[in-house]
Amino acid sequence: TISSATHYSPNWASLDARPLPGWYDDSKIGIFLHWGVFSVPSYIDEWFWWHWKGEKNVKATMFMEENYKPDFTYADFAPQFKTEFYDPDRWTDIFNASGAKYIVLVTKHHEGFTNWPSKYAWNWNAMDVGPNRDLVGELANAIRAKTDIHFGIYHSLFEW
């Protein structure tokens, strides 16, 4: 049990002293869902924007030249992030059947797109463009309503 009075300092020694929650330490299977706009090109990895525009990776550049019009931007992928097969209830059933004890969903990756309706990511979130729905909230609600699986989120503060 961790007391609410426990204080941690912003340094590695303090952070590394935090105990793992028992449910996490005892879990044999957990699922980490890394999903967002970068899933549209589905090329190289979730750092696609950085590979293409940041480091000017030759493979990423060639992929874009061969598959998209010359003035295509990373933001143009967002309307194509449709999530047409996203069924949080069905996913929850699959996660539960797998024996997973926790699910962690990426809520925002380094390019800043949020998988929930964020007022800080106006027009760059899953409610305003692409799927037009709250991907995070829907999955959290389904998991919490139907299972005892722990639901966690990953939110990247780092942005390109």
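Structure: above.
So, how was this worked out
- Residues numbered from 1 in each chain as written.
- Predicted model: local features only at pLDDT ≥ 70, side-chain atom pairs only at ≥ 80, totals over all residues.
- Heavy atoms only, no water.
- Helix = DSSP H or I, 4+ residues; strand = E, 2+ residues; numbered from the N terminus.
- Contact = heavy atoms within 4.5 Å.
- Areas by Shrake-Rupley, 256 points an atom, 1.4 Å probe, with all protein chains shown as cover.
- Lys, Arg positive; Asp, Glu negative; His and termini not counted.
- Charge placed at Lys NZ, Arg CZ, Asp CG, Glu CD.
- Patch = residues over 30% accessible without salt bridge, like charges linked within 9 Å, V, L, I, M, F, W, Y side chains within 5 Å.
- Salt bridge = Lys/Arg side-chain N within 4 Å of Asp/Glu carboxyl O.
- Buried < 20%, exposed > 50% of the residue type's maximum accessible area, 1.4 Å probe, protein only.
- Pairing = 2+ DSSP bridges.
- Right-handed = clockwise from strand over helix to strand, strands pointing away.
- Phe/Tyr/Trp six-rings, centres within 6.5 Å; stacked < 30°, edge-to-face > 60°.

**Student:** Would you explain the overall build of the protein chain in this entry?
**Tutor:** What the protein chain contains, in helices and strands, is six helices and three strands. Taken from the N to the C terminus, the helices and strands of the protein chain come in the order α-α-β-α-α-α-β-α-β. Viewed in the frame of its principal axes, the protein chain has a C-alpha envelope of about 55 × 40 × 30 Å. Taking as baseline every contact in the protein chain between residues at least 6 positions apart, the subset at least 24 positions apart corresponds to 65%. As presented, the protein chain carries roughly 10000 Å² of accessible surface, and 54% of it is formed by carbon and sulfur atoms. Across the protein chain, the centroid of the 14 positively charged side chains sits 2 Å from that of the 20 negatively charged ones.

**Student:** Help me understand a nonpolar patch on the surface, please; the structure alone is not making it clear to me.
**Tutor:** Where nonpolar side chains cluster on the molecular surface, the patch consists of L20, W23 and Y24 and spans about 310 Å² of accessible area. With respect to the helices and strands, W23 occurs in helix α2 (residues 22–26).

**Student:** Hey, could you run me through the pattern of salt bridges in this one?
**Tutor:** Side-chain pairs of opposite charge can arise whenever the charged atoms involved come near each other. In this structure the tally under the stated criterion is two salt bridges. When the shortest N-O distance is used, the salt bridge between R133 and E138 registers 2.5 Å. Classification of R133 by relative accessible area gives partly exposed; the value is 21%. By relative accessible area, E138 is classed as partly exposed at 26%.

**Student:** I would appreciate a short explanation of the pairing of strand β2 (residues 102–108) in the present structure.
**Tutor:** A regular strand places its side chains on the two faces of the sheet in alternate fashion. In terms of burial, β2 is a largely internal element, seven of the seven residues being buried. Sheet topology note: the strand β1 (residues 30–33)/β2 ladder contains four bridges and is parallel. Within β2, the residue paired with L33 across the bridge is L105. Relative to strand β3 (residues 150–155), β2 is paired through six bridges, and the arrangement is parallel. Its bridge partner lying in β3, V104 is registered against G152. Chirality of the crossover, the property in question, places the unit of β2, helix α6 (residues 135–146) and β3 among those that are right-handed.

**Student:** Looking at this structure, I do not really get the packing of aromatic side chains. What am I missing?
**Tutor:** How two aromatic rings sit relative to each other is set out by the distance from centre to centre and by the angle between their planes. On inspection of all chains with the given rule, the structure shows 23 aromatic pairs. The interplanar angle of 80° and the centroid separation of 4.8 Å between the aromatic rings of Y86 and W91 together place this pair among those described as edge-to-face.

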